[in-house]
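# Architecture at a glance
Residue strings, one per chain:
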Amino acid sequence: MSLMANQFQAINLSQGFPEFDTPAFLKSAIKQVIDEGKNQYCPSAGLPELLQQIGDLVQRCYIKDAARKLDALNTITVTSGATEALMVAIQTLVRPGDEVIVFDPAYDAYEPAVELAGGRCRHIAMNAPDYAIDWSLVKQAINDKTRAIVINSPHNPTGTLLGQSDLLALQQMVLEHELYVISDEVYEHMTFDGQAHESVLAYPELFQRSFVISSFGKTFHCTGWKLGYCVAPEALTTEFRKIHQYVTFCSFTPAQFAVASMLKNHPQHVDELSGFYQQKRDVLVAALADSRFKVLPSKGTYFLLLDYSAISDLDDVAFCHWLTQDIGVAAIPLSPFYQAEILEVYHQKHKVVRLCFAKNDATLLKAAEILCQL
Ligand SMILES: Cc1ncc(COP(=O)(O)O)c(C=O)c1O
């Protein structure tokens, strides 16, 4: 959709990347590090000072029990974006014939990684329009081959959050059936209206069987740096690192120094991120109030779903093409986030597209003005 947006000069609210700049401190930090010559390989698991900073962040955000201390050096691995962490975690866990449960609409990186490992995904639809998980369906889907469950909260593309009851339901099934969890939490610091992110890291028993994955690209508006990390118990981390070592060996060293320095010197950036994105969501939602789109709730991430059923009968792919080429605003269709069988049911019922609001207010207002004319 970004290619099409460029080709047709459309306002690009499709692909999920920030329009605004990386924080000034982070930019000067990486330049300084490069000038100082810190340009060689670093330890495969990650720069020790970055591991420590991530450990402190996790401890501060999610570990309420002061007696529970995360051993940062042995449980955290820095990766080349969350994408690498997802791929490595899945290769660590999945063997030929294994099944992995994913929830549709699902981010596109999960299934190819499962298939590459010789496994197959069992897709379970989240319930529209609130996109909640029906845990009784998960229970029915679990069988002898089930190896892992992939969760993603805050959720791309729907902007929904998993709550405490979801995490407890997940924990109960994981412990009972000895499954593993891959928890994609890349939007962890973007939750709205006072709702806190429920991280797997806050659930000690669940964490014992989990890989928790995040991304600095999202948190620090630098998606092109491709820096992420995976937190997992020591035994799982040992296995994870055996694969990470031969995928990238280590991630971009200057970015690791710079992010460690950013986390140390500007801890408030993380705390302020939810407020920053909530304001952007509110600008876009208010500007669309008079449109014929039905705006679905966004509780986290930088995505907003719009139901266009009052405007068009086109399917979502055709609608996004029309919107981009003829109207001048690019959005993302939801259907590529669904498995074919689920899509058949979904398509008859829903007409929904995704907008990304990680854009300057002027861009959001201009796009909304156009959309209000439909
Ligand atoms: C849900 C989800 N997981 C993972 C990623 C990949 O993150 P990274 O760019 O750090 O590889 C993205 C990026 O859009 C995402 O939306």
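Please refer to the structure higher up on the page.
So, here is what we can say about the structure in this document. (Residues numbered from 1 in each chain as written. Predicted model: local features only at pLDDT ≥ 70, side-chain atom pairs only at ≥ 80, totals over all residues. Heavy atoms only, no water.)

### Focus: the pattern of salt bridges
In total, this model carries 10 salt bridges according to the counting rule given. A salt bridge links Lys280 to Asp361; the nearest nitrogen and oxygen atoms lie 2.8 Å apart. In this pair, Lys280 is assigned in helix 13 (residues 268-287) and Asp361 in helix 16 (residues 361-371), connecting sequence segments 81 residues apart. Take Asp361: its relative accessible area is 26%, and that puts it in the partly exposed class. Via salt bridges that share partners, Glu99, Arg120 and Arg122 belong to a single interconnected network. (Salt bridge = Lys/Arg side-chain N within 4 Å of Asp/Glu carboxyl O. Helix = DSSP H or I, 4+ residues; strand = E, 2+ residues; numbered from the N terminus. Buried < 20%, exposed > 50% of the residue type's maximum accessible area, 1.4 Å probe, protein only.)

### Quick notes on the site of the ligand
The local shell around the ligand consists of Gly81, Ala82, Thr83, Tyr107, Asn152, Asn156, Asp184, Val186, Tyr187, Ser215, Lys218 and Lys226. Taking Tyr187, its side chain carries an N or O atom lying 2.6 Å from an oxygen atom of the ligand. Side-chain polar atom of Ser215 to an oxygen atom of the ligand: 2.6 Å apart, as the coordinates give it. Summarising the interface, the protein chains cover 92% of the accessible area of the ligand, which totals 400 Å² for the free molecule. With 3 residues, the single largest contributor to the shell around the ligand is helix 5 (residues 81-93). The residue inventory of the shell around the ligand, partitioned by class, reads 4 nonpolar, 5 polar and 3 charged. (Near = heavy atom within 4 Å. Polar contact = N/O pair within 3.5 Å; in protein donor to acceptor, adjacent residues only side chain to side chain. Areas by Shrake-Rupley, 256 points an atom, 1.4 Å probe, with all protein chains shown as cover. Nonpolar A, V, L, I, M, F, W, Y, C, P; charged D, E, K, R; others polar.)

### Some thoughts on the packing of helix 5 against helix 11 (residues 234-247)
Put simply, helix 5 and helix 11 touch, their axes get as near as 9 Å, and they point 125° apart. Relative to helix 11, helix 5 is oriented oblique. Handedness of the helix 5/helix 11 crossing: right-handed. Taking contact as the criterion, the partners of Glu84, Ala85, Val88, Ala89, Gln91 and Thr92 in helix 5 are, on helix 11, Glu239, Phe240, Ile243, His244 and Val247. (Axes fitted to C-alpha atoms, helices over the stretch in contact; angles between N-to-C directions. Parallel < 35°, antiparallel > 145°, perpendicular 65-115°, else oblique. Left-handed = near helix turned anticlockwise from the far one by under 90°. Contact = heavy atoms within 4.5 Å.)

### Notes on the packing of helix 13 against helix 16
Between helix 13 and helix 16, whose axes approach to 9 Å, the crossing angle comes to 20°. By the angle class used here, helix 13 and helix 16 are roughly parallel. Note that helix 13 runs across helix 16; the crossing there is right-handed. Across the interface between the two elements, Gln279, Lys280, Val283, Leu284 and Ala287 from helix 13 touch Asp361, Leu364, Leu365 and Ala368 from helix 16. When the residues that make up the contact of helix 13 with helix 16 are grouped by side-chain class, the tally is 6 nonpolar, 1 polar and 2 charged.

### Quick look at the side chain of His155
Secondary-structure assignment places His155 in the loop between strand 5 (146-152) and helix 8 (164-177). In this structure, His155 is in contact with Pro105, Met126, Thr160 and Thr301, ignoring residues within four places of it in sequence.

### Considering helix 13
Over its 20 residues, helix 13 runs 29 Å from end to end, which matches the ideal 28 Å to within 8%, given 1.5 Å per residue. At Ser274, helix 13 shows its strongest bend, of approximately 25°. Taken residue by residue, helix 13 has His269, Val270, Leu273, Ser274, Tyr277, Lys280, Arg281, Val283 and Leu284 as its buried positions. (Expected span 1.5 Å × (residues − 1). Bend = angle between axes of the 7 residues up to and from the residue.)

### So, the sheet that holds strand 2 (residues 76-79)
Reading across the sheet, the 7 strands line up as 2-8-7-6-5-3-4 and stay open at both edges, with mixed pairing between neighbours. Unpaired on one side and paired on the other, strand 2 and strand 4 (120-125) mark the two borders of the sheet. Neighbour-to-neighbour, the strand axes of this sheet turn through a mean angle of 20°, independent of strand direction. By the bridge criterion, 3 bridges tie strand 3 (residues 99-104) to strand 5 in an arrangement that is parallel. Bridge pairing in strand 5 places Glu99 opposite Thr146. (Pairing = 2+ DSSP bridges.)

### Some thoughts on the side chain of His244
Within the fold, His244 resides in helix 11. Sequence-distant contacts of His244, defined by excluding residues within four places in its chain, comprise Ser44, Thr77, Val78, Thr79, Glu84, Val88, Phe249, Cys250 and Ser251.

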